[in-house]
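# Survey of secondary and tertiary structure
Below are the chains, spelled out letter by letter.
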Amino acid sequence: MKKTLLAATTSFAIGLCGSYAWAASHAGMGVMGEDQDVAGGTVTASSVIAPANGWLVVHRTGDDMKPGPVVGHAPLKAGENMDVAAILTEPVASGDKLMLMLHGEEGGTRTGVFEYTLGATEDGPVRMDGNLIMVVITAK
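This write-up is about the structure you can find in this document.

Conventions adopted
- Residues numbered from 1 in each chain as written.
- Predicted model: local features only at pLDDT ≥ 70, side-chain atom pairs only at ≥ 80, totals over all residues.
- Heavy atoms only, no water.
- Helix = DSSP H or I, 4+ residues; strand = E, 2+ residues; numbered from the N terminus.
- Buried < 20%, exposed > 50% of the residue type's maximum accessible area, 1.4 Å probe, protein only.
- Contact = heavy atoms within 4.5 Å.
- Areas by Shrake-Rupley, 256 points an atom, 1.4 Å probe, with all protein chains shown as cover.
- Pairing = 2+ DSSP bridges.
- Salt bridge = Lys/Arg side-chain N within 4 Å of Asp/Glu carboxyl O.
- Phe/Tyr/Trp six-rings, centres within 6.5 Å; stacked < 30°, edge-to-face > 60°.
- Core = buried A, V, L, I, M, F, W, Y, C linked by side-chain atoms within 4.5 Å.

### Some words on the overall build of the protein chain
The secondary structure content of the protein chain amounts to zero helices and 10 strands. For the protein chain, the α and β elements follow one another from N to C terminus as β-β-β-β-β-β-β-β-β-β. Here the protein chain holds 140 residues, and 46% of them are scored as buried. Long-range pairs, those at least 24 residues apart, make up 58% of the contacts in the protein chain with a sequence separation of at least 6. Summed over its atoms, the accessible surface of the protein chain is roughly 6700 Å², and 55% of this surface lies on carbon and sulfur atoms.

Spelled out as structure tokens, the structure:
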């Protein structure tokens, strides 16, 4: 399987295990995922460590590795979240790149309701040292 690695900070030591990709920071935040079959309409992060309640958000991305439109999300609790499955809200083809990103619950008007749209501040991305906490995988 293809290994993908994006670090949230350059000062963090990153370990790869098998086909997993891991992105994390000093604050104990991170997203772990792997290339996977999404034909069932979901994408799963094997582990997400969140500093507070928030969201695993699935963005489309390309070779530029910039977050694109949101195509799925799932709620997170503070701490470690294992096998977090997000339901995809639009078709994703084999070979598409997906960015699994940690988003917070701050800034919105409704707790427990995902309010983010691309570029908004409501339920926006969590950053550490200015870097997004995320990992990029490829749909199979």
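There is more to say, and it comes next.
### Side note on the pairing of strand S5 (residues 70-76)
Where strand S4 (residues 54-61) lies against S5, six bridges are found, and the strand directions are antiparallel. Within the sheet, the bridge partner assigned to leucine 56 lies in S5 and is alanine 74. As paired elements, S5 and strand S6 (residues 79-88) share two bridges and run antiparallel to each other. Pairing of histidine 73 across the sheet is with isoleucine 87, part of S6. Connecting S5 to the antiparallel partner S6 that follows it, the hairpin turn spans two residues.

### Here we look at the pattern of salt bridges
Tallying each qualifying case throughout the model produces three salt bridges. The shortest N-O distance in the salt bridge between glutamate 90 and arginine 60 comes to 3.0 Å. On the criterion of sequence distance, the pair formed by glutamate 90 in the loop between S6 and strand S7 (97-104) and arginine 60 in strand S4 is long-range, its members being 30 residues apart. Relative accessible area serves as the criterion here: at 34%, glutamate 90 is assigned to the partly exposed category. One salt-bridge network, in which partners are shared between bridges, spans Arg60, Glu90 and Asp96.

### Digging into the environment of glycine 112
Residue placement: glycine 112 occurs in the loop between S7 and strand S8 (127-128). In contact with glycine 112, other than residues within four places in its own chain, are Trp55 and Glu105.

### Some remarks on the packing of aromatic side chains
For any pair of aromatic rings, the description rests on two quantities: the centre-to-centre distance and the angle between the ring planes. Tallied over the full model, the rule gives two aromatic pairs. Between tryptophan 55 and phenylalanine 114, the aromatic rings sit 5.3 Å apart at their centres with planes inclined by 65°, giving edge-to-face as the arrangement. Of the two residues, tryptophan 55 sits in strand S4 while phenylalanine 114 sits in the loop between S7 and S8, which places them 59 residues apart along the sequence. Phenylalanine 114 gets classed as buried once you look at its relative accessible area, which sits at 16%. Chaining the aromatic ring pairs together yields one cluster made of Trp55, Phe114 and Tyr116.

### Here we look at the pairing of strand S3 (residues 42-50)
Relative to S3, strand S2 (residues 30-33) runs antiparallel, the two being bridged by three bridges. Bridged to glycine 30 within S3 is isoleucine 49. Where S3 lies against S6, eight bridges are found, and the strand directions are antiparallel. Each bridged residue has a counterpart across the sheet, and for threonine 42 the counterpart in S6 is isoleucine 87.

### Considering the nonpolar core
A general tendency of soluble globular proteins is for nonpolar side chains to be buried together. If you look at the biggest cluster of nonpolar residues, it comprises 25 residues, and the most contacted ones within it are Val43, Leu100 and Leu102. Of all the secondary structure elements, the ones that give two or more residues to this core are S3, S4, S5, S6, S7 and strand S10 (134-138). Counting residues per element, this core draws most heavily on S3, at four residues. Leaving out residues up to four positions away in the same chain, valine 43 has contacts with Gln36, Val38, Val58, Val84, Ala85, Ala86, Leu88, Leu98, Leu100 and Ile137. If you look at the next biggest cluster of nonpolar residues, it comprises five residues, including Met99, Leu132, Met134 and Val136.

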